[in-house]
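Observations on the model geometry
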Amino acid sequence: MEILEEKINKIVTLKLKGHLDASSAKALKEKVDSLVKEKCVNFIIDMGAVDFIDSSGLGSLVSSLRSVNKSGGDIKISSLQNKVRAIFELTRLHRVFEIHEDRNAAATSF
Amino acid sequence: MPQQRVFSTFLENGNGQSTTCKQFSVCLYVCEHRENGRAAIMGLRKMKFIIDSDLDNIPLIGISINKLCSLIPFSERMALQVELCVVEAVTNCIKHAYKYDSAQKVGVGFTLSPEELVLDIYDTGIPLEMEMLDRADFKSLEVDPEDLENIAEGGRGLPIIKEVMDSVVYESEKGMNCLTMKKKLAS
């Protein structure tokens, strides 16, 4: 999985590409943790190019949300493909994450 | 083929034509039975994969299963959910049965009949505690969005499998473990 980072107006966008599963979940968690240490607390996770997510990937998002919340920030999810959104719904985590149609909508929600 | 024979041969080289590389092995064969000396195809289509127990192989097996699901009148969403179940089961083998030891093998059997899809996930590691499979149900997936501290980071694999599949059975015998997942095909 690729992680591209972009920072605009104190909001960090992490654009993910590929499969977010047990082979890549740790990389996402470490990326968010390192940015939190640099005092970045508001994140958009752009998942438009993620075509698969499993419970390990979802677990890394939950863990990241928890650590960001503790620092007074938030994580917004954007651009989910319908099939990936179905996995959020299967695991009920669409009720936990704020999910937006696109990055602009996510950015204006902060 | 009796279950015991499947157990004992699955992680060895298959009995059909196979291509093998270091991490990923595929074996194709058709299931036959004989009537009055003549071979008759039973309408089963089978494939098995054997991978090294390395997390980096998980996308390979997931994508392969998803593509095989194009043989079935499943929606894209259902194909993804079947892929998800296989990925969860293989991940459990690597994480829990083998404790991340990448020198082991995980087998994945794909058997398609006119009535159902059967997926068998094999390993030779530490067996799953049967109670864990019994306890895993859709209630395990419920979350309270207002209580983030108590939302689990892990433990969703088996509940997902039981939610998506029509039947889930786990067997452990003589050092071989097999999780069998079945999904009925729409008539």
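Rules used in this analysis
- Residues numbered from 1 in each chain as written.
- Chains lettered and ligands numbered in written order.
- Predicted model: local features only at pLDDT ≥ 70, side-chain atom pairs only at ≥ 80, totals over all residues.
- Heavy atoms only, no water.
- Helix = DSSP H or I, 4+ residues; strand = E, 2+ residues; numbered from the N terminus.
- Buried < 20%, exposed > 50% of the residue type's maximum accessible area, 1.4 Å probe, protein only.
- Contact = heavy atoms within 4.5 Å.
- Areas by Shrake-Rupley, 256 points an atom, 1.4 Å probe, with all protein chains shown as cover.
- Pairing = 2+ DSSP bridges.
- Right-handed = clockwise from strand over helix to strand, strands pointing away.
- Buried area = accessible area lost by both parts, 1.4 Å probe.
- Salt bridge = Lys/Arg side-chain N within 4 Å of Asp/Glu carboxyl O.
- Nonpolar A, V, L, I, M, F, W, Y, C, P; charged D, E, K, R; others polar.

Counting secondary structure elements, chain B contains 5 helices and 7 strands. Start at the N end of chain B and walk to the C end: the helices and strands fall as α-β-β-β-α-α-β-β-α-α-β-β. In chain B, which comprises 187 residues, the proportion classed as buried is 46%. Taking the contacts inside chain B whose residues are at least 6 apart along the sequence as the reference set, 63% of them involve residues at least 24 apart. In the structure as shown, chain B presents an accessible area of about 9,900 Å², 50% of it carried by carbon and sulfur atoms.

On to the pairing of strand 3 (residues 42-53) of chain A. Residue and element names in this part refer to chain A. Both strand 2 (residues 11-20) and strand 3 contribute to a ladder of 9 bridges, which runs parallel. Residue pairing across strands places lysine 17 opposite alanine 49, the latter belonging to strand 3. With respect to chirality, the unit in which strand 2 leads through helix 1 (residues 25-37) into the neighbouring parallel strand 3 is right-handed. Where strand 3 meets strand 4 (residues 74-78), 5 bridges bridge the pair, whose relative direction is parallel. Residue pairing for strand 4: asparagine 42 is matched across the bridge by aspartate 74.

The interface is formed by 29 residues belonging to chain A together with 29 residues belonging to chain B. Between chain A and chain B, roughly 2,600 Å² of surface is buried when both sides are summed, and carbon and sulfur atoms account for 62% of that area. Put simply, Arg66(A) and Glu153(B) hold a salt bridge, and the shortest N to O gap is 2.9 Å. Where the side of chain A that touches chain B is concerned, the elements lending two or more residues are strand 3, helix 2 (55-70) and helix 3 (82-90) of chain A. Along the lines of polarity and charge, the residues of the side of chain A that touches chain B split into 11 nonpolar, 9 polar and 9 charged.

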